[in-house]
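# Summary of the model geometry
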Amino acid sequence: MCTFSAYNHYDWDDYRKEAKVIEKILEQILNFSAEHPDLAVNITTVFRWIFVALAAYILLVAIVSLLSTRATPEIWGYYLIDGGGNYPITHWENVIGRSRSADINVPLAPMSHNHALLIRRDEDKWMIRDLGSKNGTLVNGYKLDPEKRYLISPGDVIETGGIKATITPPSLEETRNNRYMRRLDKEPVAPWKILLAITVFQMMTIVQLVLSMGSEMTAQALLSIVLLCAVMWAYVMFFHAMGSRGFEMEMIAFFLSTINLAVTASSDPGSCMKEFIALMIGLALLIFMVFYMRDLGRTKKIKNTLIVLSVILLLINLIFGTAKYGATNWIKVGSISLQPSEIVKLAFILIGAGALEELYDKKNTLIYAVFSLFCLGCLAMMSDFGTALIFFATYLVVSFLRSGDFSRFVLTGVAAGAMGLIVLKFKPYIASRFDAWGHVWEPQFMDDLGYQQTRTMSFGAGGGLLGLGAGNGSLKYVGASNTDLVFGFVMEEWGFIIAVLLVLCIATLSIFAVMHIVAGRSTFYTILACSAATMFLVQTMLNVFGAIDLFPLTGVTFPFVSTGGTSLMTSWAMLAYFKAADMRRNAGLSLGRED
Amino acid sequence: MRKQERRAWICLLLAFVLVAGVGLFGYRFVTKGGEWATFYGNSQIYTDGAINRGTVTDRYGEELLTCTPDGFDYSDDYETRVSTVHAVGDPKGNVSTGAITTFRSQLIGYDIVNGTYDTTANGKKIALTIDANANRTAYEALAGRTGAVGVYNWKTGEIVCMVSTPAFDPADEPDTEAEDGEESSIFFNNFLSGLLTPGSTFKLITSAAVIDNMPDRDSFTFDCDGVNQLGERDDTKLTDIHAHGEVDFREALAQSCNGAFGALTRQVGAETMEEYAEKTGLTKPVDVNGIETAAGSFDFPDDNDVKLSWAGIGQADDLVNPCAMMVYMGAIANGGEAVQPSLIKSATFIKEISGGRRLGRYLDEDTAAELKSMMKNNVVENYGESNFEGMDMYAKSGTAEAGGTRPDAWFVGFTDDENAPYAFVVWVKGGGFGSEVAAPIAARVIRTLGETSD
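Residues numbered from 1 in each chain as written. Chains lettered and ligands numbered in written order. Predicted model: local features only at pLDDT ≥ 70, side-chain atom pairs only at ≥ 80, totals over all residues.

## Regarding the sheet that holds strand E5 (residues 116-120) of chain A
Residues and elements named next belong to chain A. Spatial strand order, E4-E3-E5-E6-E9: 5 strands in an open sheet with mixed pairing. One side of each edge strand has no neighbouring strand; the edge strands of this open sheet are strand E4 (104-105) and strand E9 (149-152). As paired elements, strand E6 (residues 126-130) and E9 share 4 bridges and run antiparallel to each other. Bridge pairing in E9 links Ile128 to Tyr150. (Pairing = 2+ DSSP bridges. Helix = DSSP H or I, 4+ residues; strand = E, 2+ residues; numbered from the N terminus.)

## Some remarks on helix H6 (residues 219-241) of chain A
Residue and element names in this part refer to chain A. Between its first and last C-alpha atoms H6 spans 33 Å; for 23 residues at 1.5 Å apiece the expected length is 33 Å, and the two agree. Buried within H6 we find Ala221, Leu222, Leu223, Ser224, Ile225, Leu227, Leu228, Met232, Tyr235 and Phe239. Remark: Gly243 follows H6 within two positions and exhibits a positive phi of approximately 110 degrees. (Expected span 1.5 Å × (residues − 1). Buried ≥ 20, exposed ≤ 12 C-beta atoms within 10 Å, placed from the backbone.)

## Describing the interface of chain A and chain B
With 49 residues of chain A at the interface, the matching set in chain B holds 38 residues. Breaking the side of chain A that touches chain B down by element, the ones donating at least two residues are helix H3 (37-68), strand E3 (93-97), helix H14 (385-403), helix H18 (451-462), helix H20 (496-516) and helix H21 (523-547) of chain A. Here the side of chain A that touches chain B gets 11 residues from one element, more than from any other, and that element is H21 of chain A. Residue classes in the side of chain A that touches chain B are distributed as 29 nonpolar, 17 polar and 3 charged. (Contact = placed C-beta atoms within 7 Å. Nonpolar A, V, L, I, M, F, W, Y, C, P; charged D, E, K, R; others polar.)

## So, helix H11 (residues 270-279) of chain B
Every buried residue of H11 of chain B is listed here: Ala270, Met273, Tyr276, Ala277 and Lys279 of chain B. On its buried side, H11 of chain B packs onto helix H8 (203-213), helix H10 (258-268) and helix H12 (305-312) of chain B.

## A short note on the domain arrangement of chain A
Residues and elements named next belong to chain A. One can read the domain layout of chain A as domain 1 (60-66 + 278-581) and domain 2 (77-178). The centre of domain 1, based on its C-alpha atoms, is set 40 Å off from the matching centre of domain 2. In this assembly, 7 residues from domain 1 lie in contact with 6 residues from domain 2. Class assignment of the residues belonging to the side of domain 1 that touches domain 2 gives a composition of 3 nonpolar, 2 polar and 2 charged. (Domains from an automatic or database assignment.)

## Focus on the domain arrangement of chain B
Residues and elements named next belong to chain B. Partitioning chain B into structural domains gives domain 1 (12-127) and domain 2 (199-451). Inter-centroid distance (C-alpha atoms) of domain 1 to domain 2 is 38 Å. With 7 residues of domain 1 at the contact, the number on the domain 2 side is 6 residues. For the side of domain 1 that touches domain 2, a count of residues per class yields 4 nonpolar, 2 polar and 1 charged.

## Thoughts on the sheet that holds strand E15 (residues 393-400) of chain B
All names here are of chain B. What the 5 strands build is an open sheet, ordered E8-E7-E17-E16-E15; its pairing is antiparallel. Strands at the two margins of the open sheet, each flanked by one partner only, are strand E8 (159-165) and E15. For this sheet, the mean inter-axis angle between neighbouring strands, taken without regard to orientation, is 5 degrees. Sheet topology places E15 next to strand E16 (residues 408-415); 8 bridges connect them, and they run antiparallel. Counted as the bridge partner of Gly398 is Trp410 from E16. Across the sheet, helix H13 (residues 322-333) lies against strand E7 (147-153), E16 and strand E17 (422-428), angled at about 145 degrees from E17, the strand it touches most. (Axes fitted to C-alpha atoms, helices over the stretch in contact; angles between N-to-C directions.)

## Some details on the nonpolar core
Ranked by internal contacts, the top residues of the largest apolar core, which has 308 residues, are Val490 and Leu528 of chain A together with Phe424 of chain B. With 17 residues, the top contributor of residues to this core is H21 of chain A. Excluding anything up to four places from it in sequence, Leu528 of chain A contacts Ile349, Leu350, Ala353, Tyr577, Ala580 and Ala581 of chain A. With 5 residues, the next largest nonpolar core counts Ala436, Val440, Met446 and Leu449 of chain A among its residues. (Core = buried A, V, L, I, M, F, W, Y, C linked by C-beta atoms within 7 Å.)

Here you go:
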């Protein structure tokens, strides 16, 4: 952690020194392009191909590594039934029952469908809880109270409807075998080549930006890219030294952030440093959260505090908020303005998650529902319907994960749709967006309600597959181009291929989340990763589809890529939920581990 | 936990929707990217709503238009500007068939890999197939009358002359607004978009139907008294300018005898006539590098002999598009196979040898040969070979009653010289007799085409 705290506290003189070096480089590139204008132009022509090749290499290697490495589930013990039946326990949280989807599926009549919960604590310690079964659960002859959970040890006799069973730990040899098998798991790809590729990409971006923007480019903006590069190396080297091996997600995030800085440098060079600082805070949050969430009990306890903080934050927003592009979702503190709803996203995910045990707790579910309703109400009052939609979609997915009730999932969706229609009646300016939706190229819309979309597509298509080169775009002169229309911005300056790769990155994160929950430790982490994935996915969909007229334009950001400090910070912090669910050996962040 | 694991498919569903949406967009990007990139909102390639790069030349490299960030730079010669305006286009985009509008993405140099990326910002040069010199001649020959002249190489499909009048000077564009489909408009391209009464030129379609469906056509005779009363009433006659006396099929075409062709049409029948109007490509639009010509329309009633007869001689409700008529002429010249016309010159050597893209067979080879010989006969017997000195001319004139005080003059046909395989169509509104008015225009333009060569 010390590596980046240096940047948090870097003093002004150091910064000036660095800025001077950058200024010199800037000057040299400018001189070069003034002396050899023909050559300078051709540099861009060649760079465009290299950029696409590098991006494809970086992202495909990271994506393939993420999707091809899997964790082998570990066997924690056996559920041994008296008189036959030996069930391996592969999860930390298990449902014992007659139901086919039960983790320990005992198809005998006296069992209830979901009879009891068996939760692994530390080595050789287990917790058991009756799920209100018909015939009850007894341990060593003692009848369990369904409201309480009990600590048991291997060898204790568990009686479920007259069926006696015991937990036996795996033999020493088996444990050794298991460890060995896990060592054979394909290791995540080593980060060095990707790091190098990103670094080359970043340095070329600096040259390209100077060539295209000339003296409009500022040393500060370029410095932010150099600093990003330094932080990236420091982060990976530090955690690699500590034993961590899986860095694909961070590589993807660093790459997306590079595009973010390039987009910001092209459209608003003065904001680059702000973006970088926001990214640093996000990165710090990511590391903090990953360590904090390692202790499940501690994480569960913080939920209530987060609810209170979120409510306060949203209320402050409602009272003191300022409007930007029609939505009152900003608050200003001194010279800093931020979007509280972005920060609440982080809490929203955590509050929605629950360990298996909590999912059977009606009160827990109710709290989540009420909190969601409150958030949606606040967002509606701020007229931030894009974010409201993201929250709502996440709520739907999370409640489905928790309850598995598909009909309720559909019903809630339909009810919300009806509510949406009512909202449209009272908010004609939103309804008018629906008028233009799918028709932006028609003459009455293309310069009016469809202005942003037609420009996005026109300038975007003008970029072709390879783009015009960073800094050469013209979409930047259209309002909100580096946030809501960033997909088109990237298409124009970086080309269609890179723009699509960015979307694939987000899709990959979610596919990864789904693939790796198999070996998950608790449904808590499963739900965290899935709901973070949902949030990323829905947000990307609204951003991209809105800009290219597959959906009405709602004005939300593209995770990591859109300019905007709060959004970038939250995107980075959100990565913690994926890291926490990453059960591959040595994949999470570690500070020295025993394995 | 297994339940929660299984339910996670819903995240995959969302990821699928995202990827599918981007896939759909990718499809649109490929199919419509050029259209999007060349949209006037793209300030990379438009200055004040006008495209700022690209050059249009004629087939010999004569510059007709250069687009710059300071505006459109047309040829210095007034006649060149006026005679090519329907092929090149105007600054306000009123001429829908102009290269500025139709070949915009080629001018900009858009391609899917590079988009509008262009280090010089000069755009691309596109060479039209037209010969500016021939266009000027055609414009002069039309002499201020409303009309259209189209000539194309029936082997390669290159349109070498395309003039529509009334025209205007694009360098000094009038303030009038273009109205959709208004045919008298200066913005309207009569050659590509016009729908006109064909008059006697349509007898070439009727003749094709006769050749294929009347094996005994050689014994056909008709006694023309100049009135050719069909029924009792006064309005049921097929008048001719004068009595042709007894004519056979060949003579009937050479003299353009309405009475005889009325009789032939009735013998062939309504259904066959309809089939031949379609077969000869007149009822379908022709695709000229993405510009669709207007599609002709006909009505051949099977219960009204008088109207059917008139329809068979190119009157009644008959409407043809001049370009489609020209392609039919090309098909007769080419042994029955039609070649697609084009306006952009492609440099490929192969095309010169193998010919242009085939549109398919319009006529059997024998039918085409017989028609060709009859068209030669027209020239020898009626129009006078001396009027087409140095050309191997095959033609048919037309004098169409289209409601004006004077009839519209037509002259359609082709030449069959190794170096001048041209099919042509000339139409002059209210011009009078086709052979007197339109034929000299055709001769003059084709002669001009011979003056310069590739």
